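Chain by chain, the residues:
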Amino acid sequence: MTMFLVRTAARTAVRTNSCRSFCVSHTHLSDRKGLVLGMFEKKEEEEEGTLHLTEAAAGFDKSLSGKLSELLKLSGPALKNGKSRVFYGLHKDFPCVAVVGLGKNNAGVCGTENWDTSKENIRQAVSAGCRLLQDLEVSHVEVDSCGDAQSAAEGAVLGLFQYDQLKSKKKTKVTTQLHGSADVVGWEKGVMYGEGQNLARLLMEAPANHITPTAFAKTIEEKLAPHADRVTIHKRPQAWIEEQQMGAFLSVSKGSEEPPVFLELHYNGSPDSKQPPLLLVGKGITFDSGGISLKPSASMDAMRADMGGAATVCASIVTAASLKLPVNIIGLAPLCENMPSGKATKPGDVVRAKNGKTIQVDNTDAEGRLILADALCYGHVFNPRAIVNVATLTGAMDVALGSAAAGVFTNSDWLWEQLHRASVVTGDRVWRMPLFQHYTKQVTDSQLADLNNIGKYSRSGGACTAAAFLREFVKAPHWAHLDIAGVMSNKDEIPYLRKGMSGRPTRTLVEFAAGLAHNG
């Protein structure tokens, strides 16, 4: 009996020790740290093997008596822009060190590409390094500023985003921080820019049965709760929409069982409460079936992101509040579904917009311009300094520009310059499109009403006729329409965004608002 008890105790001790050993190992694995460091390409006249490490990388290399640079030379050819290489066991605090290629040093703004190449290279490289370490299940990563802490933070935050909320198996959650103390302010700013775009991605990627008009409004309300001292939120119900005589908006929403919501956000960031606000208006179709003019079933699931305009507008206001930008902003998001039913609008129906103009709806899948029309009419009551509306409006925009840039239609050279300047900084580009009377004639020539919701020649210049339609509801001297249909999603075009909904152009809207705040 005594021998049995001894053996049992021994077996129990082995099991206990085994369990402890496993737990310690698991904790060590999940808590280990990684480091992302940068290096630039050598100059053409320099010899092979010449290394140009960033300041942080050079400091790290020096602390290792040149071990890093030695391994870089031994491990293969020089790192090209956006490529990465990982080293193990170099430093006790960082079991995994990823070195990333930053391209040419001080590349600067490229007039041909219409962006700051240095900033884009940093975003791309840091993103690649962080993902590499995430794949190794490293849970905390310190990141080299690479000479631009904001761009490095954007690359890290955007590159690590993955919509896996509804999956059982998830990617390793990675926290990031700046390596060293250089430009902590720039890093924090970049984190907020990146998180703002990720909020838009989250809203756009989520399935339509999870992000209904009501759920969308609630999500934004929760995100703005920490800024209640500067933000006022109105979630206008259907009764209010009817009181406002928004017949165009209601003509779209009435085919769905989901009630519409007119979301109105007021961010009061300026010390001058009387400062005219910047007005941002976003198309908020939380699912677009096309209505009675039903879309083809192939890829219809992507129409869960047809509220990309509302998502980017609301996310940019959340970011502006986080940054405490000294500017007043009003955001409007008409939210509804576009569905077929016995109550849905039929092709050929005529509806009346808030400004009294009648619209012949010949295609119920051209619904975004209808809900925006009423929102634009309403927005004029705030006497805004500028109006920018954002919408995944036309497939024609995707055909014209693809995913390279959002199309901008504007009546204001000043406003175009502000938007373009912001996009050069963020790398999320915009391109000016024509707003000729040529297109206006095609939407004002209607058999039954003042306007037709599609152009006279159907698909010809579809993005331009859609913009011309919206112009009929604008009186302000500074107005811009951003058609973001082409940039709605990402396959592999933007290296620091994974495949999926892009959240573009949130950072450009934030940078634009920041420019108005600081430059007037």
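For the structure itself, consult the block above.
Residues numbered from 1 in each chain as written. Predicted model: local features only at pLDDT ≥ 70, side-chain atom pairs only at ≥ 80, totals over all residues. Heavy atoms only, no water.

S.K.: Could you give an account of the overall build of the protein, naming the residues involved and the relevant values?
M.R.: For the protein, the helix and strand inventory stands at 16 helices and 22 strands. What you see for the protein is a C-alpha radius of gyration of 26 Å, in line with the 24 Å of a compact globule of 520 residues. When its C-alpha atoms are laid out on the principal axes, the protein stretches across 90 × 80 × 45 Å. Split into buried and exposed, the 520 residues of the protein put 57% on the buried side. For the protein, the proportion of contacts with a sequence separation of at least 24, taken over those separated by at least 6, is 76%. Only carbon and sulfur atoms are counted for the fraction: they give 52% of the accessible area of the protein, which is about 22,700 Å². Taken as two groups, the 57 positive and 54 negative side-chain charges of the protein have centres that lie 4 Å from each other. (Helix = DSSP H or I, 4+ residues; strand = E, 2+ residues; numbered from the N terminus. Rg over C-alpha atoms; globule rule 2.2 N^0.38 Å. Buried < 20%, exposed > 50% of the residue type's maximum accessible area, 1.4 Å probe, protein only. Contact = heavy atoms within 4.5 Å. Areas by Shrake-Rupley, 256 points an atom, 1.4 Å probe, with all protein chains shown as cover. Lys, Arg positive; Asp, Glu negative; His and termini not counted. Charge placed at Lys NZ, Arg CZ, Asp CG, Glu CD.)

S.K.: Before we move on, can you summarise the nonpolar core with the specific residues and values?
M.R.: Membership of the largest hydrophobic core comes to 65 residues, with the highest contact counts inside it found for F216, L263, V388 and L482. Ranked by residues supplied to this core, first place goes to helix α10 (residues 308-323) with 10 residues. The next biggest cluster of nonpolar side chains, apart from the first, holds 49 residues, and it includes F262, V351, F409 and L435. (Core = buried A, V, L, I, M, F, W, Y, C linked by side-chain atoms within 4.5 Å.)

S.K.: Which residues make up the environment of L90, and what values go with them?
M.R.: Mapped onto the elements of the fold, L90 is located in strand β3 (residues 84-91). Residue L90 is classed as buried on the basis of its relative accessible area, which comes to 14%. Not counting residues within four places of it along the chain, the set of residues in contact with L90 comprises L64, K67, L68 and L71.

S.K.: I'd love a proper account of the pattern of salt bridges, names of residues and values included.
M.R.: The final tally for this structure, using the stated rule, is 22 salt bridges. D135 serves as the salt-bridge partner of K171, at 3.1 Å between the closest nitrogen and oxygen. Linking K171 in the loop between α5 (149-160) and β8 (175-178) with D135 in helix α4 (residues 117-135), this pair joins segments that are 36 residues apart in sequence. The shortest N-O distance in the salt bridge between E221 and K235 comes to 2.8 Å. Here the residue E221 occupies a position in helix α7 (residues 213-224), and K235 occupies one in strand β9 (residues 231-236), the gap between them amounting to 14 residues. On the basis of relative accessible area, E221 is assigned to the partly exposed category, the value being 31%. Looking at K235, the relative accessible area reads 41%, which means it is partly exposed. In this structure, a network of salt bridges that share partners links the residues E120, R123, E154 and R507. (Salt bridge = Lys/Arg side-chain N within 4 Å of Asp/Glu carboxyl O.)

S.K.: Give me the environment of H380: which residues, what numbers.
M.R.: For H380, the location among the structural elements is in the loop between α11 (368-379) and β16 (386-391). Linking H380 and A476, residues 96 residues apart in sequence, is a C-alpha distance of 7.5 Å. Ignoring anything within four residues of it in the chain, the contact list for H380 reads I387, F473, V474, K475 and A476.

S.K.: Give a detailed account of helix α3 (residues 67-74), specifying residues and quantitative values.
M.R.: Every buried residue belonging to α3 is among L68, S69 and L72, and all of these are buried. Seen from one end, α3 has its buried residues packed into an arc of 95 degrees, which puts them on one side. Away from its buried face by more than 90 degrees, α3 exposes K73 and L74. Elements in contact with the buried residues of α3: β1 (33-40), β2 (52-53), α2 (55-63), β3 and β4 (94-101). (Arc of directions from axis to C-beta.)

S.K.: Hey, could you go over the side chain of S412 for me, with residue numbers and the actual values?
M.R.: Following the sequence through the fold, S412 ends up in the loop between β17 (406-410) and α13 (413-426). Of note is the side chain of S412, whose polar atom sits 3.0 Å from the backbone nitrogen of L415. With residues up to four places along the chain from it excluded, the contact list for S412 reads R432, P477, H478 and W479. (Polar contact = N/O pair within 3.5 Å; in protein donor to acceptor, adjacent residues only side chain to side chain.)

S.K.: Lay out the pairing of strand β13 (residues 328-338) with the relevant residues and their values.
M.R.: The side chains of a regular strand alternate between both faces of the sheet. Here β13 lies mainly inside the structure; 11 of its 11 residues are buried. Here β13 shows two buried faces, one formed by N328, I330, L332, P334, C336 and N338 and the other by I329, G331, A333, L335 and E337. With eight bridges connecting them, strand β10 (residues 261-268) and β13 associate as antiparallel partners. What sits directly across from F262, in β13, is P334. (Pairing = 2+ DSSP bridges.)

S.K.: Provide a residue-level description of the packing of aromatic side chains, including the pertinent values.
M.R.: Scanning the entire structure with this criterion turns up eight aromatic pairs. Seen from their ring centres, F60 and F94 are 6.3 Å apart, and the 70 degrees between their planes marks the pair as edge-to-face. Taken together, the residues span a long stretch of sequence, with F60 in helix α2 and F94 in strand β4 at a distance of 34 residues. Like F60, the residue F94 is buried in the burial classification. Three or more aromatic residues joined by ring pairs form one cluster here, namely W240, F249, F262, Y378 and F382. (Phe/Tyr/Trp six-rings, centres within 6.5 Å; stacked < 30°, edge-to-face > 60°.)

S.K.: Any details on unusual backbone geometry? Residues and values, ideally.
M.R.: A negative phi holds for most residues other than glycine; trans holds for most peptide bonds. For the bond from R504 to P505, the omega torsion is 0 degrees, close enough to zero to count as cis. With respect to the secondary-structure elements, P505 resides in the loop between β22 (500-501) and α16 (506-519). Despite not being glycine, E137 has its phi angle at roughly 65 degrees, a positive value. Position of E137 among the secondary structure elements: in the loop between α4 and β7 (140-143). Under the relative-accessibility criterion, E137 is labelled partly exposed at 43%.

S.K.: Help me get a handle on the side chain of R429, residues and values and all.
M.R.: Looking at where R429 falls in the secondary structure, it is placed in the loop between α13 and β18 (430-432). Residue classification places R429 among the buried residues on the basis of a relative accessible area of 15%. One polar contact links the side chain of R429 to the main-chain carbonyl oxygen of E113, over a distance of 2.8 Å. With residues near it in sequence (within four places) discarded, R429 still touches E113, N114, W115, A404, A405, A406 and S423.

S.K.: Kindly report on the packing of α7 against α10, identifying the contributing residues and their values.
M.R.: Packing of α7 against α10 leaves a shortest axis separation of 10 Å and a crossing angle of 10 degrees. When the interaxial angle is binned, α7 and α10 end up roughly parallel. Crossing hand, α7 versus α10: right-handed. Mapping the contact onto sequence places F216, I220, K223 and L224 in α7 and A310, A311, C314, I317, V318 and A321 in α10. Among the residues forming the contact of α7 with α10, the class breakdown is nine nonpolar, no polar and one charged. (Axes fitted to C-alpha atoms, helices over the stretch in contact; angles between N-to-C directions. Parallel < 35°, antiparallel > 145°, perpendicular 65-115°, else oblique. Left-handed = near helix turned anticlockwise from the far one by under 90°. Nonpolar A, V, L, I, M, F, W, Y, C, P; charged D, E, K, R; others polar.)

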